[in-house]
Amino acid sequence: MIIGVPKERKTRENRVGLTPDNVREIIDSGHEVWIETKAGTQSRFEDQDYVNAGAKVVPTAEEVWQADMVVKVKEPQPSEYQYFREGQILFCYLHLASERELAEALVEKKVTGIAYETMTRNGRKTPLLMPMSEVAGRMAVQTAAHLLEQSQGGRGILLGGIPGVGKANVTIIGGGVVGENAAKIAQGMGASVTIIDINPNRLAELENTLGQGLHTLMSNEQNIHDAVIQSDVVIGSVLIPGREAPVLVKEETVKQMKPGAVMIDIAVDQGGNFETTTHSTTFEDPTYIVHDVVHYAVANVPGAVPRTSTIGLTNVSLPYVKWIASAGLIEAVKQDIMVETGINTYQGHITHYEVATSLDMHHEPLSNLIPAK
């Protein structure tokens, strides 16, 4: 199989779908890899590194998209839809619940779209989402600390305070991988941290892991409201694979927040957790102000640290790239539920129920399209 890796087109997306070490493994497995020129430059992987690993470096996106399977990081941008073709396999983060135009393009061109973020086993979060969730959680706190500075429109306070001066209150909505990693960094920087989650067992786990200094609350409208209006930083991290993110902080609550408080919406890829998340932002223009509160809604937070993020992501995506290429898509689906749950579009249909429901589009179960196991 020929595997193509295009340069990312999303604004300031600096990650790349495969590293030179990944390329070497894929070629050793009997496949061919095409890399668009300078695809890895921002992650400090140069064209010559890929050549040395055995890849073919191609000059244009059009050429690399002729591969049998295209491996990316972020969802294709509208300028790339022209390269879609029937039978092509696309393997990347898709987040189709908030990308109707992309979903329609994939369906129209009969592309097999496999989304990292919906690949699950036994209902547990996909390992392909986990490393980027770890990065996003940690980066959220670094970013919030910076945005609290007066020059950034923030409250002009230090996250951890100093002796005799109060520390910042950080509320994290969602106790998953993002939330736990955000809490670790916020505690390490000296902040007062509260995690809100719907699962009492998860809250108990977090208290055991992060210590009694962590404040935990059950997720309900009143607890969220009360915690948010007392916070200097609020981080939204609740995602449901394939679905639009639930809106958990109402605009009326935001109106009552402290002037210069900071809201970081990690769930913006799928619509966002805050009612005042009106649009996603980019690293070039990352924030906007609503009701005197700083909103940060960058949809590719791990792209700020692309080398760490690329290596972390490809550590878990590479086995599936190799497996699909070697076994073939049909056999991979039959033998691995992770591949089956990752398929969002196939042969002109939306095959993932949650995606179809979020987009109000017809759902065709994959089992109706692929022969029985």
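This text goes with the structure placed above it.
Below is a summary of the structure that appears in this document. (Residues numbered from 1 in each chain as written. Predicted model: local features only at pLDDT ≥ 70, side-chain atom pairs only at ≥ 80, totals over all residues. Heavy atoms only, no water.)

## Remarks on the pairing of strand S8 (residues 192-197)
Along any regular strand the residues' side chains alternate between the sheet's two faces.
Then step 1. Within S8, six of the six residues are buried, which leaves it mostly tucked inside the rest of the structure.
Then step 2. Going residue by residue along S8, you find Ser-192, Thr-194 and Ile-196 tucked away on one face and Val-193, Ile-195 and Asp-197 tucked away on the opposite face as well.
Then step 3. Pairing of strand S7 (residues 169-173) with S8 involves five bridges; the strand directions are parallel. Residue pairing across strands places Thr-171 opposite Thr-194, the latter belonging to S8.
Then step 4. Between S7 and its parallel partner S8, the chain crosses via helix H6 (residues 177-188), and the hand of that crossover is right-handed.
Then step 5. In this sheet, strand S9 (residues 215-218) lies alongside S8 in parallel orientation, the contact comprising four bridges. Across the sheet, residue Thr-194 finds its bridge partner in S9, namely His-215. (Buried < 20%, exposed > 50% of the residue type's maximum accessible area, 1.4 Å probe, protein only. Helix = DSSP H or I, 4+ residues; strand = E, 2+ residues; numbered from the N terminus. Pairing = 2+ DSSP bridges. Right-handed = clockwise from strand over helix to strand, strands pointing away.)

## What to know about the pairing of strand S12 (residues 287-290)
Then step 1. Because side chains alternate across S12, one face comprises the buried residues Tyr-288 and Val-290, and the other comprises Thr-287 and Ile-289, none of which is buried.
Then step 2. Examined bridge by bridge, S12 and strand S13 (residues 293-296) share four bridges and lie antiparallel to one another. Each residue of the ladder has a partner; that of Ile-289, found in S13, is Val-294.
Then step 3. Counted along the chain from S12 to the antiparallel partner S13, the turn is two residues long, and its residue His-291 has a positive phi close to 55°.

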